[in-house]
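Here is what each chain is made of, one letter per residue.
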Amino acid sequence: MEERTPALSMRNITKRFGSKVIANSDVSLDIYPGEILALLGENGSGKTTLMNILAGIYYPDEGEILIGGKPVTIASPKEAFNHGIGMIHQHFKLVDVLTANENIVLGMDKEGMLDLKTSAARIKKICDAYGFEVDPDEKIYDMSVSEKQTVEIVKVLYRGAEILILDEPTAVLTPQESDKLFAVLRNMRNDGKSIILITHKMNEVLSVSDRVAILRAGKYICDRVTSETNAQELTDLMVGHKVSLNIDRPEPVNSKERIRVKGLTVRNIDGVLKLNKVSFSAYSGEILGIAGIAGSGQKELLEGIAGLQPVEAGSITYVNDDGTTEDLIGKDPLEIAALGVSLSFVPEDRLGMGLVENMDLADNMMLRSYRVGKSVFTNRKDPENLAKQVIKELEVNTPGVHTMVRKLSGGNVQKVLVGREIASAPTVLLTAYAVRGLDINSSYTIYDLINQQKKRGVAVIYVGEDLDVLVELCDRILVLCDGHVSGILDGRTADKQTIGMMMTHIKEAADE
Amino acid sequence: MNKKTPLIHITKRTDIPVSRSILIRLAAVIIALLVCGLITTIVTGLNPLEVYASMIKGSFGTKRKVWTLLQNISMLLCIGLALVPAFRMRFWNLGGDGQALMGCLAASACMILLNGKVSNAALIAIESVAAIAAGAVWALIPALFKAKWNTNETLFTLMMNYVATQIVAYFIIVWESPKGSGSIGIINQRTEAGWFPAIGTNKYLLNILIVTALTLIIFVYMKYSKHGYEIAVVGESERTARYIGIKVEKVIIRTMILSGALCGLAGLLLCAGTNHTLTTTIVDGRGFTAVMVAWLAKFDPFVMIITSFLLVFLGRGANEIATSFSLNKAFGDILTGIILFFIIGCEFFINYKINFRKSEGKEAR
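Not measured: the values here are computed from a predicted model.

What counts and what doesn't
- Residues numbered from 1 in each chain as written.
- Chains lettered and ligands numbered in written order.
- Predicted model: local features only at pLDDT ≥ 70, side-chain atom pairs only at ≥ 80, totals over all residues.
- Heavy atoms only, no water.
- Helix = DSSP H or I, 4+ residues; strand = E, 2+ residues; numbered from the N terminus.
- Buried < 20%, exposed > 50% of the residue type's maximum accessible area, 1.4 Å probe, protein only.
- Contact = heavy atoms within 4.5 Å.
- Areas by Shrake-Rupley, 256 points an atom, 1.4 Å probe, with all protein chains shown as cover.
- Lys, Arg positive; Asp, Glu negative; His and termini not counted.
- Charge placed at Lys NZ, Arg CZ, Asp CG, Glu CD.
- Pairing = 2+ DSSP bridges.
- Axes fitted to C-alpha atoms, helices over the stretch in contact; angles between N-to-C directions.
- Salt bridge = Lys/Arg side-chain N within 4 Å of Asp/Glu carboxyl O.
- Patch = residues over 30% accessible without salt bridge, like charges linked within 9 Å, V, L, I, M, F, W, Y side chains within 5 Å.
- Core = buried A, V, L, I, M, F, W, Y, C linked by side-chain atoms within 4.5 Å.
- Buried area = accessible area lost by both parts, 1.4 Å probe.
- Arc of directions from axis to C-beta.
- Polar contact = N/O pair within 3.5 Å; in protein donor to acceptor, adjacent residues only side chain to side chain.
- Left-handed = near helix turned anticlockwise from the far one by under 90°.
- Domains from an automatic or database assignment.
- Nonpolar A, V, L, I, M, F, W, Y, C, P; charged D, E, K, R; others polar.
- Parallel < 35°, antiparallel > 145°, perpendicular 65-115°, else oblique.
- Phe/Tyr/Trp six-rings, centres within 6.5 Å; stacked < 30°, edge-to-face > 60°.

1. Here we look at the overall build of chain B
From N to C terminus, chain B includes 14 helices and 2 strands. Its C-alpha atoms give chain B principal-axis dimensions of about 90 × 60 × 35 Å. Buried residues in chain B amount to 48% of all 365 residues. By sequence separation, contacts in chain B at least 24 residues apart represent 77% of the contacts at least 6 residues apart. Counting only carbon and sulfur atoms, one obtains 68% of the accessible surface of chain B, whose full area is about 17,500 Å². Side-chain charges in chain B split into 34 positive and 18 negative, and the spacing between the mean points of these groups amounts to 5 Å.

Now the structure itself:
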């Protein structure tokens, strides 16, 4: 390997934010032509910052970048493209009302004339070479998430990218779509392109990458040839100490029906049917997993139960321990709480819904409790104590209780949110993508917390995207497909392929 | 380091010591004064120091001028404080002018129509309630539309100003005195019915005390009350507010009633406290200047004392220059503009850091 010239080298890169935060410290990293390099690290370890430096979004404070052995400057995304570096971001940057073709050539026409025929032919050539499927004339808004991602990749290839950076590309894909993406990535690698892959999913790292580079706390730790390592070693290197990779699944004890949903039908603001006659029950002391492609109705389902989503038809019933029931339909969160139903909700949008990013930890704890008492003034002591308790028990990494939540890393934000939601001793816990964007260590903390709640007898509804985790953690798995329930499986016997199929195909019985 | 490193690149600061941010602001004021001096000399040939001296004299020259300065600060601050709850909620209430004007109108109406019919104490009580209610109603209308149909509050509150001006213009004709003058004159000049009592001989002191108390109240309300907390949550994220069961519409309406009521109070203080008359320009654009007062202070009531002082001082200084050097008033406005430009512009240097390329010589060593 020493004989080859790296396609790209980063030498002693340091990037600081303000005076205190060092995102990257003296990082040196090589990537060779024709290899897939997985970049592994916990949240806040500086992966994304490092890649943003390559993509021209940030400028390093120190260090240099060499491409093909020559030092270069990357001061803007355009210059990154000129050097053959293309980044596919987590959030797609496409114009919805334009076609794939138009999006791909956007900003490239130098003569002021669009030659869509030529570009379509070029797009076709790229697609054929690597095995993409893109219809150049399809509008973006008609595309699935995976198709949009394909357009993004073709877009950077069209611009002549030799070095591709993908930031958590599989977070939004089904297992089948992920496999397809990996096949394409391998084709590109065989064609001599360099690919840097950021991901938290260890099985993907092991199955698709050639080499793994590990960052920890902004520093480059080491690299490993993928075929000579394993998940345990990589995790230990990433975290810095030994961690266990098994997810617990205690047997449900004394399960009783807690939430009964019947024929739930929901339309969104535009009148699009998001849930179609969904029926199921959630039991105490059990984790019910919800699987499905993003946007299959998971959000509407949880928000419907939490009283945040107007419902068109159906019923949601809460069953008390003594068998009496409460009707939750048409009630807002306050009215539900007034019934004595203790329902906690960890929403998908942590900073836009679950927490207020511009408030400190203590004030965020107060969201749930500020109404308590008759005084017109807020009680700041209790939320502050709760914040201290959550920081201690969940090992939240923060300078103090008076730090703005937006300054915390993703894992710590989630710990604060989950900590607050379980502090009220709920009987029902709804979680949406509880570990999205979280590193392994934080994810396992969250699984542990959820399991503790299960053992306490809480009915947990866990909406997830990582099927590996769903089949390890959940007692039962409900699969949603386009607003329908396509089946409920036993988590102990379910396998990923079946779930993946059910996510994309509605059983005949459920057809309209 | 290679040669193509850009000459400057700008990075966002994450934290800045308070001492440093004060230093940057001070530097901005000094540079602003230097530039003003330069322009004064170039354009008018006057000695800038004399001009500055006259500016200061305009505000502090006599005891009476100092009291007028304080009165003007309190009136501006009062409307500024009224805007704080709305702005914290990200409800851009640009209708402070109209809401205060409606307060003036209500107070004048009580003073004119109830003169001699009720006792003076009752009249003061009635006109106070009426003025505060009138301001509240004027703010409630756009708030209702925002809460029910999510209309744009910026435009709505702005337009309500013009409606208020026209209504007042109408009543000035109805009540004009003497007939044909096109103005109301001093209301109840002989009886002083409905006038706020002077404390000792000072007719401004009561207003100043009321606004001082209000500053404290708003500070406590925003920082320590449950209402203040709800306002902050709704302003930061309506979705979070709904998620925890806050009724967003209710908070919008309640907060706007408060905001309008305080503008109405400002109108009351202007009409019954000091001016004892009603004109269409009695509020003097303070509803808009107050926006700047609130923003410059980042909605902190105590800092707003400083910002309202600054704006009133600049305004009065500009007038003083215009009269004592027989310059056009526009010249004073130019100076005010320059000073504000630097004060607002320095925020950039507080939020961002500019990194220069290290010189090659330094690197070589």
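2. Things to note about the sheet that holds strand 3 (residues 35–40) of chain A
Residues and elements named next belong to chain A. The sheet built from 6 strands is open, its strands ordered 6-7-8-3-9-10 with mixed pairing. In this open sheet, the two strands that pair with only one neighbour each are strand 6 (85–88) and strand 10 (219–225). Along the sheet, successive strands turn relative to each other by an average axial angle of 20°, direction set aside. When strand 3 meets strand 8 (residues 194–198), the two strands line up parallel, connected through 5 bridges. What sits directly across from glutamate 35, in strand 8, is serine 194. Helix 8 (residues 231–239) contacts strand 3, strand 9 (211–216) and strand 10 of the sheet and is inclined by roughly 25° relative to strand 9.

3. Quick notes on the side chain of A:Glu300
All names here are of chain A. Turning to its location among the elements, glutamate 300 is positioned in helix 9 (residues 298–306). Among buried charged residues, glutamate 300 stands out as having no salt bridge; its nearest opposite-charge side chain is lysine 299, 4.5 Å away. When near neighbours in sequence (up to four residues on either side) are disregarded, glutamate 300 contacts Val266, Lys274, Leu275 and Gln309.

4. Describing a nonpolar patch on the surface
Residues and elements named next belong to chain B. Nonpolar side chains collect at one region of the surface, where Leu216, Phe302, Val303, Ile305 and Ile306 lie side by side and expose about 430 Å² of accessible area between them. Sort the elements by how many residues they give to the nonpolar patch and helix 12 (residues 301–324) lands first, with 4 residues. Among the structural elements, leucine 216 can be located in helix 7 (residues 205–224).

5. Description of the nonpolar core
All names here are of chain A. In this structure, Ile259, Phe280, Ile305, Leu430, Tyr462, Ile477 and Ile499 are the most contacted members of the largest nonpolar core, which totals 186 residues. When residues no more than four places from it in sequence are discounted, the contact partners of leucine 430 are Leu302, Ile305, Ala306, Leu343, Ser344, Phe345, Val346 and Ile461. Judged by nonpolar contacts, the second largest core, of 32 residues, contains Ile36, Phe132, Leu157 and Ile195.

6. Here's the deal with the interface of chain A and chain B
The partner chain B presents 29 residues to the 44 residues of chain A that form the contact. For the chain A and chain B pair, buried surface summed over both sides reaches about 3,000 Å², with 53% attributable to carbon and sulfur atoms. The three residues of chain A that bury the most area against chain B are A:Tyr59, A:Met353 and A:Tyr370, which together make up 19% of that side's buried surface. Between chain A and chain B we count 2 salt bridges in total.

7. Quick look at helix 11 (residues 286–296) of chain B
For an α-helix, the turn length of 3.6 residues means that residues three or four places apart are oriented alike. Residue and element names in this part refer to chain B. Within helix 11, the full set of buried residues consists of Arg286, Gly287, Ala290, Val291, Val293 and Ala294. An end-on view of helix 11 places all buried positions within 165° of arc, on one side of the element. Looking at the buried side of helix 11, the elements it contacts are helix 3 (63–88), helix 4 (96–113), helix 10 (248–275) and helix 12.

8. Some thoughts on helix 8 of chain A
Residue and element names in this part refer to chain A. Among all positions in helix 8, only Leu234, Thr235, Asp236, Leu237, Met238 and Val239 are buried. Packed against the buried residues of helix 8 are strand 3, helix 7 (202–208), strand 9, strand 10 and helix 15 (440–455). The N-cap residue of helix 8 is asparagine 230: its side-chain oxygen and the backbone nitrogen of glutamine 232 are 3.1 Å apart.

9. Observations regarding the packing of helix 12 (residues 361–369) of chain A against helix 14 (residues 410–423) of chain A
Residues and elements named next belong to chain A. Taken N-terminus to C-terminus, the directions of helix 12 and helix 14 make an angle of 35°; their axes are 10 Å apart at the nearest point. When the axes of helix 12 and helix 14 are compared, the crossing they make is right-handed. Packed against helix 12, whose contacting residues are Leu361, Asn364, Met365, Leu367 and Arg368, the element helix 14 presents Val416, Arg420 and Glu421 at the interface.

10. What about the side chain of A:Lys155?
Of note, A:Lys155 is situated in helix 5 (residues 145–158). Among all residues touching A:Lys155, those that are not within four sequence positions of it are A:Lys93, A:Leu94, A:Asn103 and A:Ile104.

11. Looking at the domain arrangement of chain A
All names here are of chain A. According to the domain assignment, chain A consists of domain 1 (8–239), domain 2 (257–342 + 426–510) and domain 3 (355–424). The distance between the C-alpha centroids of domain 1 and domain 2 comes to 34 Å. At the junction of the two partners, domain 1 supplies 15 residues and domain 2 supplies 16 residues. Summing both partners gives a buried area of about 1,300 Å² for domain 1 against domain 2, and 55% of it is carried by carbon and sulfur. Together, Asn43, Pro175 and Gln176 form the three largest contributors to the area buried by domain 1 at its contact with domain 2, with a combined 30%. At the junction of domain 1 with domain 2, the criterion picks out 1 residue pair in polar contact (both at pLDDT 80 or more). Looking at the side of domain 1 that touches domain 2 element by element, the count peaks at 3 residues for helix 8. Of the residues that constitute the side of domain 1 that touches domain 2, the class distribution is 5 nonpolar, 7 polar and 3 charged.

12. Considering the packing of helix 4 of chain B against helix 5 (residues 120–149) of chain B
Residue and element names in this part refer to chain B. The interhelical angle for the contact between helix 4 and helix 5, taken along N-to-C directions, is 150°, at an axis separation of 7 Å. When the interaxial angle is binned, helix 4 and helix 5 end up roughly antiparallel. Considering the relative orientation of helix 4 and helix 5, their crossing is right-handed. Residue-level inspection shows Gly98, Gln99, Met102, Gly103, Ala106, Ala107, Cys110 and Met111 of helix 4 in contact with helix 5, the latter providing Leu123, Ile126, Glu127, Ala130, Ala131, Ala134, Gly135, Trp138 and Ala139.

13. Comments concerning the sheet that holds strand 12 (residues 273–283) of chain A
Residue and element names in this part refer to chain A. In spatial order, the strands read 12-11-14-15; together these 4 strands make up an open sheet with antiparallel pairing. Every interior strand has two partners, whereas the edge strands, strand 12 and strand 15 (325–327), have only one. Each strand of the sheet is rotated relative to its neighbour by a mean of 20°, with strand direction disregarded. Summarising the sheet, strand 11 (residues 257–267) and strand 14 (residues 313–319) pair through 5 bridges and their orientation is antiparallel. Paired with arginine 260 across the strands is threonine 317, a residue of strand 14. Packed on one face of the sheet, helix 9 meets strand 11, strand 12 and strand 14 and runs near 60° to strand 12.

14. Observations regarding the packing of aromatic side chains
We describe a pair of aromatic rings using the distance from one ring centre to the other and the angle between the two ring planes. All names here are of chain B. Taken as a whole and assessed by the stated rule, the structure comprises 20 aromatic pairs over all chains. Pairing phenylalanine 145 with phenylalanine 156 gives two aromatic rings, centres 5.0 Å apart and planes at 50°, and the pair type is tilted. Placement of the pair is phenylalanine 145 in helix 5 and phenylalanine 156 in helix 6 (residues 153–174), with a sequence separation of 11 residues. Classification of phenylalanine 145 as partly exposed rests on a relative accessible area of 33%. Note on phenylalanine 348 and phenylalanine 349: the rings are 5.3 Å apart at their centroids and 90° apart in plane angle, and the pair reads as edge-to-face.

15. Some words on the environment of A:Asn358
Mapped onto the fold, A:Asn358 is located in the loop between helix 11 (350–354) and helix 12. Separated by 253 residues in sequence, A:Asn358 and A:Val105 place their C-alpha atoms 39 Å apart. When neighbours within four sequence positions are excluded, A:Asn358 is seen to be in contact with A:Met404, A:Arg406 and B:Glu236. Of note is the side chain of A:Asn358, whose polar atom sits 2.9 Å from the side chain of B:Glu236.

16. With respect to the pattern of salt bridges
All names here are of chain A. This model, assessed by the stated rule, comprises 35 salt bridges over all chains. A salt bridge links glutamate 62 to arginine 16, with the shortest nitrogen-to-oxygen separation between them at 3.0 Å. On the criterion of sequence distance, the pair formed by glutamate 62 in strand 4 (residues 62–67) and arginine 16 in strand 1 (residues 8–17) is long-range, its members being 46 residues apart. Of the residues examined, arginine 16 reaches a relative accessible area of 33% and is grouped as partly exposed.

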